[in-house]
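# Tertiary structure, described
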Amino acid sequence: MSSLDTPAEVPRPRAAAQVAAPSTMTWVTLALMTTASVASLRAAPTMAVYGLACVFLYLVPAIVFLLPTALVSAELASGWNGGVYRWVAEGLSKPLGFLAVWCQFAMTIFYYPSLLAFVASTIAYVIDPSLASNGVYTAIVIMVLYWTGVWVSSRGTKALAGLSSWGLIIGTLVPGTILVVLGMVFLGQGNASAAPMNADHLLPQWTGLASLVLIVNNFLSYSGMEMNAVHVSSLKDPAKEYPKSMFLAMGLVLLIFILPALAISWVVPADQLSLTAGVMQAFDAFFAYFDVQWMTPIAAVMLISASLAGMLTWLAGPSKGLLEISRAEGYLPPFLQKLNRFGVQQNILVTQGVVTSAIALMYALIPNVSSVYWIFSTITTQVYLIVYLLMFAAAMRLRKTHPDHPRGYRVPALGLVCTTGLLASLAALAIGFVPPSQFGGGSVLGYVLFIACGLGVLGLLIPWLFLKFRKPSWRAAGATLESEGDRA
């Protein structure tokens, strides 16, 4: 989600999205906030399999997706309150606005199993590394941790609100720096890299479309940039400072993503790399080489604590946004709108937990944990891409239908920027149906059908059913959206 390991509100729910904007903010501060909400080590093993080519595979989506998302969301946030629902509802239609919000929520159903699979594999390195590839163990850990998180979130524990702010330091910057420094010392002592580091490997080997499929995962890695766009009005000179802030954030995010991925590729051969346990594989190898294996549990605890803090802090975030909109517009039946005595949408959380538990069982039923992890990550990305497709389309239409509406920031060449983002999102959506070359042993048709069913049912069919069968009585008496007014 973040860093999904905090999912953007998730989608990847972000801490910065929940903090009230101060009256003024420097562009450097905004860049650091954005970096904290996006950067994560969780995706590093996914790109480490490409070795030096991971630089290319991170840079391309940053240019064609990350930057357009950041710029377009800044214009929308500086003109309309209410987040993605308001943007899409005003630009396209209310039903499509609900679809956008639903997809922001629905992606977490697959996001949390993949996040907790990463946590399970990391815990395994403290207990028994062989468990990292054990599907039954992974499924049990996912269900136990998720339901614990549901119980904590349903009690409205405010003490967790600041936990995710430590995620960047505890779970990303410190272990990421240690990983890169150890890797550089490892190479500096004359050891050969497990992955070739010469100019011939700057681009991924072309073995067909499947050789580029893992780039899709990077779109989710970059998701959440739109969450911090709400702070654009806090800058002294948004037109000049916001682009500078986003370029700085993009540079920092790329460094945090690329360097640890390279460090992993230096010490763990691609054919031995686990997509869930790759970070700990690298730590374990480096610590063994430098004879400091006592540090392995410490590194594991850092990664675990950051991921769990992100999950606990944001577990109720996306569902709360869906709840508020549904109570005002009547999109969800009364059962799912019910609040417990702490004012938390417990029925939504429990329903989501039941589905998440069913998904977790896939880890026990499918032998290859890395394959399950990849499939769930792909479905998560596919569902979330619908949000961005709607956002880019709404931005272009709002520029035409409301050209004089006050905006704190206007994107130069908006049509070109939105078209680039739309095409990139559509390409990622299409590529997501192609099995990656690393998982060539399975059924191609089975893979495509599984991804299509996940996207079709969760991202399209369920919200369509809610809209089709909604009733006027589903509106909660007296409920209104908090953000009805436009920004001046």
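Here the structure is shown first, and the text comes after it.
These notes cover the structure that comes with them. Everything numeric in this text was worked out from a predicted model, so none of it was measured. (Residues numbered from 1 in each chain as written. Predicted model: local features only at pLDDT ≥ 70, side-chain atom pairs only at ≥ 80, totals over all residues. Heavy atoms only, no water.)

Next up on the list: the overall build of the protein chain. The number of helices and strands found in the protein chain is 17 helices and zero strands. Counting every position in the protein chain, which comprises 488 residues, the buried fraction comes to 57%. Roughly 18,800 Å² of accessible area belongs to the protein chain as shown, and the carbon and sulfur atoms make up 68% of that amount. (Helix = DSSP H or I, 4+ residues; strand = E, 2+ residues; numbered from the N terminus. Buried < 20%, exposed > 50% of the residue type's maximum accessible area, 1.4 Å probe, protein only. Areas by Shrake-Rupley, 256 points an atom, 1.4 Å probe, with all protein chains shown as cover.)

On to the pattern of salt bridges. Throughout the structure, instances matching the rule amount to five salt bridges. The partner of glutamate 75 in a salt bridge is arginine 399, and the shortest N-O contact between them spans 2.7 Å. Here arginine 399 lies in helix H15 (residues 369–401) and glutamate 75 lies in helix H3 (residues 54–77), a separation of 324 residues in the sequence. On the basis of relative accessible area, arginine 399 is assigned to the partly exposed category, the value being 24%. Residue glutamate 90 is joined to arginine 86 by a salt bridge in which the shortest nitrogen-to-oxygen separation is 3.0 Å. Here glutamate 90 and its partner arginine 86 are both found in helix H4 (residues 83–91), four residues apart, which amounts to about one turn of the helix. On the basis of relative accessibility, which here comes to 10%, the residue arginine 86 falls in the buried class. Through salt bridges with shared partners, a single ionic network connects Glu75, Arg399 and Arg407. (Salt bridge = Lys/Arg side-chain N within 4 Å of Asp/Glu carboxyl O.)

Note: α-helices contain 3.6 residues per turn, so residues at a spacing of three or four share the same orientation. For helix H6 (residues 135–154), spanning 20 residues, the distance from its first C-alpha to its last is 28 Å, which sits close to the expected 28 Å at 1.5 Å a residue. Where H6 begins, the capping side chain belongs to asparagine 134, and its oxygen is found 3.0 Å from the backbone nitrogen of valine 136. (Expected span 1.5 Å × (residues − 1). Polar contact = N/O pair within 3.5 Å; in protein donor to acceptor, adjacent residues only side chain to side chain.)

Quick look at helix H5 (residues 94–127) now. Taking 1.5 Å of rise per residue, the 34 residues of H5 would be expected to cover 50 Å, and the 50 Å separating its terminal C-alpha atoms lies within 8% of that figure. Where H5 bends most, the angle comes to about 35°, and this point is phenylalanine 110, followed within four residues by the proline proline 113. The buried count for H5 comes to 28 of 34 residues, which makes it a mostly enclosed element. (Bend = angle between axes of the 7 residues up to and from the residue.)

Mapped onto the elements, leucine 312 comes out in helix H11 (residues 296–314). Its relative accessible area of 22% is what places leucine 312 among the partly exposed residues. Along the sequence, leucine 312 and serine 153 sit 159 residues apart, while their C-alpha atoms lie 6.7 Å from each other.

Turning our attention to the packing of H6 against helix H14 (residues 346–365). Running from N to C, H6 and H14 point in directions that differ by 170°, and their axes come no closer than 8 Å. Here H14 runs roughly antiparallel to H6, going by the angle between their axes. Where H6 abuts H14, its residues Gly135, Val136, Thr138, Ala139, Ile142, Met143, Tyr146, Trp147, Val150, Ser153 and Ser154 lie against Gln346, Leu349, Val350, Gln352, Gly353, Val354, Thr356, Ser357, Ala360, Leu361, Tyr363 and Ala364. For the contact of H6 with H14, the residue count by class is 14 nonpolar, nine polar and no charged. (Axes fitted to C-alpha atoms, helices over the stretch in contact; angles between N-to-C directions. Parallel < 35°, antiparallel > 145°, perpendicular 65-115°, else oblique. Contact = heavy atoms within 4.5 Å. Nonpolar A, V, L, I, M, F, W, Y, C, P; charged D, E, K, R; others polar.)

So, about the packing of H5 against helix H10 (residues 278–289). One can describe the packing of H5 onto H10 by two numbers: an axis separation of 9 Å at closest approach and a directional angle of 25°. By the criterion of interaxial angle, the relationship of H5 to H10 is roughly parallel. Of the two possible hands of crossing, H5 and H10 adopt the one that is right-handed. Every residue of H10 that contacts H5 at Phe118, Thr122 and Tyr125 is listed here: Val279, Met280, Gln281 and Asp284. Of the residues contributing to the contact of H5 with H10, the split by class is four nonpolar, two polar and one charged. (Left-handed = near helix turned anticlockwise from the far one by under 90°.)

Another aspect to go through is unusual backbone geometry. You will see that aspartate 291, though not glycine, has its phi angle at about 60°, which is positive. Assignment of secondary structure puts aspartate 291 in the loop between H10 and H11. With relative accessibility at 64%, the residue aspartate 291 sits in the exposed group. In this structure, alanine 413 is a non-glycine residue whose phi angle is positive, near 50°. Within the secondary structure layout, alanine 413 lies in the loop between H15 and helix H16 (414–431).

Counting 143 residues, the largest nonpolar core has Tyr58, Val72, Tyr222, Tyr242, Ile264 and Tyr363 as the members making the most contacts within it. A total of 21 residues in this core trace back to one element, the largest contributor, which is H5. Those residues within four positions of tyrosine 222 in sequence are excluded, and the remaining contacts are Val38, Tyr58, Pro61, Ala62, Phe65, Leu66, Val253, Leu254 and Phe257. (Core = buried A, V, L, I, M, F, W, Y, C linked by side-chain atoms within 4.5 Å.)

Moving on: a nonpolar patch on the surface. On the surface, a cluster of nonpolar side chains totalling about 470 Å² of accessible area is made up of Val457, Leu461, Trp464, Leu465 and Phe469. With respect to the helices and strands, leucine 461 occurs in helix H17 (residues 444–469). Residue leucine 461 is classed as partly exposed on the basis of its relative accessible area of 40%. (Patch = residues over 30% accessible without salt bridge, like charges linked within 9 Å, V, L, I, M, F, W, Y side chains within 5 Å.)

Considering the arrangement of structural elements, one finds leucine 52 in the loop between helix H2 (44–48) and H3. Judged by relative accessible area, which is 14%, leucine 52 ranks as buried. Each residue touching leucine 52, except ones within four places of it in the same chain, is listed here: Pro196, Met197, Asn198, His201, Leu202 and Leu262.

Turning our attention to the packing of aromatic side chains. Scanning all chains against the criterion turns up 15 aromatic pairs. Relative to tryptophan 147, the ring of tyrosine 146 lies with its centre 6.4 Å away and its plane at 85°, an arrangement referred to as edge-to-face. Taking relative accessible area as the criterion, tryptophan 147 reaches 32% and is therefore assigned partly exposed. Ring pairs connect the aromatic residues Tyr85, Phe98, Trp102, Phe105, Tyr331 and Phe466, which therefore count as one cluster. (Phe/Tyr/Trp six-rings, centres within 6.5 Å; stacked < 30°, edge-to-face > 60°.)

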